[in-house]
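Tertiary structure, described
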Amino acid sequence: MRSSNDRFSLNDNSISIIYISLLHDVLKSAGHMPANHCGLAYDLTDHRQRISQAEYLATLERVLNPVITSELGFEYGKLLDISAAGTVGQLIMSCCDIKQALEAFLNYYPLLSLPVQFEISTEESGYRAEINHIYPQGASNAVKWFLTESLLYCLLHQARFLSGKPLTYNSISVTYARPPHWKMYKTIFGCDIEFSAATTSVSTDHESMTSRILTSNEPVRALKERHCQKLLQEWQSHLSIEEQIMLILMDTMPDTPSLKLICEKLNQSRSTLCRKLRDNNTSYQSIVDDFRRNLALNLLKNTDLTISETAEKLGFSDDSNFRRAFKKWTGLTPSDVRSCASPLATAIK
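Residues numbered from 1 in each chain as written. Predicted model: local features only at pLDDT ≥ 70, side-chain atom pairs only at ≥ 80, totals over all residues. Heavy atoms only, no water.

1. Describing the packing of aromatic side chains
The tally for this structure, following the rule as stated, stands at 13 aromatic pairs. Their ring planes at 85° and their centres at 5.7 Å tell us that Phe-74 and Tyr-185 sit as a pair that is edge-to-face. Remark: Tyr-185 occurs in helix α8 (residues 183–189) and Phe-74 occurs in helix α4 (residues 72–79); sequence separation between them is 111 residues. Considered together, Phe-74 and Tyr-185 belong to a single accessibility category, that of buried residues. Judged by centre distance (4.8 Å) and plane angle (45°), the rings of Tyr-76 and Phe-146 are tilted. Here the residue Tyr-76 occupies a position in helix α4, and Phe-146 occupies one in helix α7 (residues 141–163), the gap between them amounting to 70 residues. By the burial criterion, Tyr-76 is buried, and Phe-146 matches it. Among the aromatic residues, those joined into a ring-pair cluster are Phe-74, Tyr-153, Tyr-169, Tyr-185, Phe-189 and Phe-195. The residue whose ring lies beneath Arg-178 is Trp-182, and the NZ or CZ to ring-centre distance is 4.2 Å. Positioned above the aromatic ring of Phe-316 is the side chain of Arg-292, whose terminal nitrogen or guanidinium carbon lies 4.2 Å from the ring centre. (Phe/Tyr/Trp six-rings, centres within 6.5 Å; stacked < 30°, edge-to-face > 60°. Helix = DSSP H or I, 4+ residues; strand = E, 2+ residues; numbered from the N terminus. Buried < 20%, exposed > 50% of the residue type's maximum accessible area, 1.4 Å probe, protein only. Lys NZ or Arg CZ within 6 Å of the ring centre and 35° of its normal.)

2. Let's talk about the pattern of salt bridges
Side-chain pairs of opposite charge can arise where the charged atoms are in close proximity. For the structure shown, the criterion picks out 10 salt bridges. Across the pair Arg-128 and Glu-130 runs a salt bridge whose closest N-O atoms are separated by 3.6 Å. Looking at Glu-130, the relative accessible area reads 9%, which means it is buried. Its salt-bridge partner being Glu-130, residue Lys-313 comes within 2.9 Å of it at the nearest N-O pair. (Salt bridge = Lys/Arg side-chain N within 4 Å of Asp/Glu carboxyl O.)

3. Topic: the pairing of strand β5 (residues 126–132)
The element β5 is extensively covered by neighbouring structure, given that 6 of its 7 residues are classed as buried. As paired elements, strand β4 (residues 117–123) and β5 share 7 bridges and run antiparallel to each other. Residue pairing for β5: Phe-118 is matched across the bridge by Ile-131. Taking the residues between adjacent antiparallel strands as the criterion, β4 and β5 are bridged by 2 residues. As paired elements, β5 and strand β8 (residues 200–205) share 6 bridges and run antiparallel to each other. Bridging across to β8, Arg-128 finds its partner in Ser-203. (Pairing = 2+ DSSP bridges.)

4. Regarding the nonpolar core
Residues Tyr-56, Leu-64, Tyr-76, Phe-146, Leu-147 and Phe-189 are the most contacted members of the largest nonpolar core, which totals 70 residues. In terms of residue count, α7 provides more of this core than any other element does, 12 residues in total. Counting 30 residues, the second-largest nonpolar core is a separate cluster that includes Ile-262, Phe-291, Ala-296 and Leu-299. (Core = buried A, V, L, I, M, F, W, Y, C linked by side-chain atoms within 4.5 Å.)

5. Topic: helix α5 (residues 86–93)
In terms of burial, α5 is largely enclosed, as 6 of its 8 residues are buried. Looking at α5, one finds that the buried residues are Thr-87, Val-88, Gly-89, Leu-91, Ile-92 and Met-93. Looking at the buried side of α5, the elements it contacts are α6 (98–108), α7 and α10 (218–237). (Contact = heavy atoms within 4.5 Å.)

6. Thoughts on the state of the cysteines
In this structure the tally under the stated criterion is 0 disulfides. With no disulfide partner, Cys-263 has as its closest neighbouring cysteine sulfur the one in Cys-274, 6.3 Å distant. For Cys-263, a relative accessible area of 5% puts it in the buried group. (Disulfide = S-S within 2.5 Å.)

7. Some words on helix α14 (residues 284–302)
In an α-helix, one turn spans 3.6 residues; hence positions three or four apart end up facing the same way. Here α14 spans 27 Å end to end across 19 residues, near enough to the 27 Å set by a 1.5 Å rise per residue. The complete set of buried residues in α14 reads Tyr-284, Ile-287, Val-288, Phe-291, Arg-292, Leu-295, Ala-296, Leu-299, Leu-300 and Asn-302. (Expected span 1.5 Å × (residues − 1).)

Here is the structure:
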């Protein structure tokens with residue numbers, strides 16, 4: 001199962017100002033006095049305000065690199081409280097166990113507007129979550145450590161809070177090399193850590209996933225589920241027909257659904273959907289090509305996946321087919337794009 005918010009670009013104002021406010025608190029508690037609200041001219045008490053991902057990343061680069069960052073990510077992750085996640089947080093807290101809470105999180109994650117992608121798979125020993133788009137290619141080590149450590153610790157800390165148990169991961173892998181404070185990982189997470197891995201991922205066992213949630217309440221869960229469904233429908237109603245199709249494509253990759261299946265998921269007849277697409281001067285195949293092209297560009301620019309692995313993620317049977325398609329889409333080869341500057345560097349110039 002995959003969940004993502006790829007609708008939001010680097011320059012969309014999708015991130016709550018609360019994340020800057022918490023960053024300010026963490027820096028201050030660590031003895032690093034951030035000047036002028038971390039350099040942003042905003043009222044940090046007005047949590048209705050939002051900033052772009054590019055601005056958030058640029059702020060992290062600016063304030064983290066001059067300071068010692070060995071514990072800041074873990075402290076930041078501790079402050080990311082599930083109770084502050086609105087209706088989604090209330091739904092998660094009312095679930096019966098961690099597995100149901102995870103499913104609720106993945107179902108309604110788009111409502112949280114964070115540009116991270118989760119891909120969950122079941123294994124014989126339990127569950128594995130691959131986490132992509134945590135940071136862009138070209139990010140400094142300080143930002144890589146901070147964003148990864150805060151996210152991984154937040155997920156574990158909230159699972160412990162919900163269950164009242166000292167849960168641990170079975171294993172963790174991260175894509176960057178071993179940091180100077182690497183020994184803290186073993187102490188904090190209590191499991192094996194693989195550095196310089198192909199992907200960032202965590203695994204846990206079946207017993208942890210079936211841990212009961214202390215605040216479980218089925219009537220409340222059912223109520224909040226309906227509320228989240230309504231909010232998600234309202235959110236999706238603002239999407240164009242092309243964006244709705246792209247959300248389906250993201251859920252099904254590397255498989256590409258047939259037009260018949262797309263019609264079923266959108267509750268549209270084939271003739272009605274094709275007419276709507278014609279009215280917008282596009283077609284289903286054009287949307288699929290645009291989606292795969294943009295996903296390919298994203299993977300080539302923002303991950304360390306090989307070209308073969310990128311082709312596999314996109315559903316191509318071999319590298320040569322991917323290279324031909326990519327050349328047709330962009331006029332470039334995958335190697336040409338990989339050698340270009342990172343999108344973060346472009347976004348904050």
